[in-house]
Amino acid sequence: MHFTNQGSLNNLSQEIAYKNFKKDIPSVSTITRVADTMNLEEIRNIGMEIYAKARKPKMLSDCYGMWVGVVDGHEQITSLYCKCPYCKSRTVTKKGGIKETQYYHEFTAFILAGPKISFILDIEPILPKEGEISSSYRLIERVCKNYPKAFSVVIGDGLYLKETVFNLLEKHHKHAIAVLKEERRQLFEEANKLSLLVEPKTYKQKKTYYRVWDHSISGCWDGYGKKVRVIVSEEATPKRVHSKDGKSFEEKLDKANWMWVTNLPCPKTEDLVDLKNTVRICHSRWQIENQCFNETVNTWNADHIYRHSANAIIVFLLLLFTCVNIFNIFRIRNIKDKSIKTKIYLIELIKAGFHTTRNPLPPIPI
Ligand SMILES: [Zn+2]
């Protein structure tokens, strides 16, 4: 169902009826019932096997010289009805002051960032009355245990700038990178002070101009107590945009300021290559937003709830991510048919193949 992008159990049941698959495929009600009690560890083991098979023959590549993990939280659905004991809830005030209770599910995800594709390693639900960080501790612990050599550094957004996160990763011999955006933090102030005193390194990459500072700061993060690097990157990209009258174009400068805190060791040389790669690695955090969340929602219907129970939601997501991982690895290998140029076309081709073949498809080779 996931691999052929059916998008819902209803579509699957129609395919089953249309193709006379009743003997070969369990019914939709059996699938949902089984999903309620399916063992998550067994599905995670399949993910580990696929990872091992893909990593050895170099189907996965490192990210600018490092193996990089990215962790982040995602909200899955909102609904006006509470359907299971694990629903989280919040009250929102709509226009006109009408109060409404929304129910939703959240999970944290851990991916391996890569130059071409990202590989989704695992997910963990965020339970009611707990925050993203509590769920991510369980996730990081499990990913470090299941994939001990898969990555050497982990990136998170501003939420992950916590000594507990840095220490947990250090315990597993991993480095950490977190976005620094809280202006009240002493680290933020200190980095800004230093940036006024020191000249930045400047370079151009593709169309973007970079001004980057790499500060080594100690004594400004009480809880952690160790020296950290604060990387500051001012980025400007010229862009051609429509002018206000809509008749001509004008040049505009897209500016972005980034700050990251990391315990990665300082580069041994003054080499710019190392700094450039570090900035690129820091930016690879966007992959979890784009390739893991947005793309799986828009293309693979990841926000759809196939069966509303705490276990089934994770079952369907883990199975979906298994399919997405296999699909992505397949797509970036040398596909002989040169007419397959885009991802959407390949998805449609698989979908059409499933719909038109009267006989069951052969197993997917991996
Ligand atoms: Zn629920």
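Note that the structure is predicted; figures quoted are calculated from it, not measured.

Q: Tell me about the overall build of the protein, and name the residues and values.
A: Of regular secondary structure, the protein possesses 10 helices and 10 strands. Viewed in the frame of its principal axes, the protein has a C-alpha envelope of about 75 × 55 × 50 Å. Taking the intrachain contacts of the protein between residues at least 6 apart in sequence as the baseline, contacts between residues at least 24 apart amount to 64%. With 55 positive and 40 negative side-chain charges, the protein shows a separation of 5 Å between the mean positions of the two kinds.

Q: Quick one: what's the story with the coordination of the zinc ion, residue by residue and with numbers?
A: At the metal site, the zinc ion is ligated by Cys84 (SG), Cys87 (SG), His105 (NE2) and His308 (NE2), and these contacts range over 2.0 to 2.3 Å. One can describe the site at the zinc ion as tetrahedral: its four donor atoms subtend angles covering 101 to 124° at the metal. Donor residues binding the zinc ion come from one chain and are separated in sequence as C-x2-C-x17-H-x202-H. Here the residue cysteine 87 occupies a position in the loop between strand S1 (68–79) and strand S2 (88–93), and histidine 308 occupies one in the loop between helix H8 (286–300) and helix H9 (310–332), the gap between them amounting to 221 residues.

Q: Got a sec to walk through the nonpolar core? Specific residues and values, please.
A: Most often, soluble globular proteins keep nonpolar side chains buried together rather than apart. With 100 residues, the main nonpolar core has Phe110, Leu121, Phe151 and Leu187 as its most contacted residues. The element that contributes the greatest number of residues to this core is H9, accounting for 14 residues. Not counting chain neighbours up to four residues away, the residues in contact with phenylalanine 110 comprise Gly69, Val70, Val71, Phe119, Ile120, Leu121, Asp122, Leu139, Ile140, Val143, Phe151 and Val154.

Q: Can you break down the pairing of strand S10 (residues 249–262) residue by residue, with the values?
A: As paired strands, strand S6 (residues 175–179) and S10 are joined by three bridges and run antiparallel to one another. Among the inter-strand pairings, isoleucine 177 is bridged to a residue of S10, identified as threonine 262. In the sheet, strand S9 (residues 228–242) pairs with S10 via 14 bridges, with the strands oriented antiparallel. Along S10, the bridge assignment pairs arginine 240 with glutamate 251.

Parameters at a glance
- Residues numbered from 1 in each chain as written.
- Predicted model: local features only at pLDDT ≥ 70, side-chain atom pairs only at ≥ 80, totals over all residues.
- Heavy atoms only, no water.
- Helix = DSSP H or I, 4+ residues; strand = E, 2+ residues; numbered from the N terminus.
- Contact = heavy atoms within 4.5 Å.
- Lys, Arg positive; Asp, Glu negative; His and termini not counted.
- Charge placed at Lys NZ, Arg CZ, Asp CG, Glu CD.
- Donors = N, O, S within 2.8 Å, 3.2 Å for Na, K, Ca; no water.
- Tetrahedral: all angles 85-135°; square planar, octahedral: opposite > 155°, others 65-115°.
- Core = buried A, V, L, I, M, F, W, Y, C linked by side-chain atoms within 4.5 Å.
- Buried < 20%, exposed > 50% of the residue type's maximum accessible area, 1.4 Å probe, protein only.
- Pairing = 2+ DSSP bridges.

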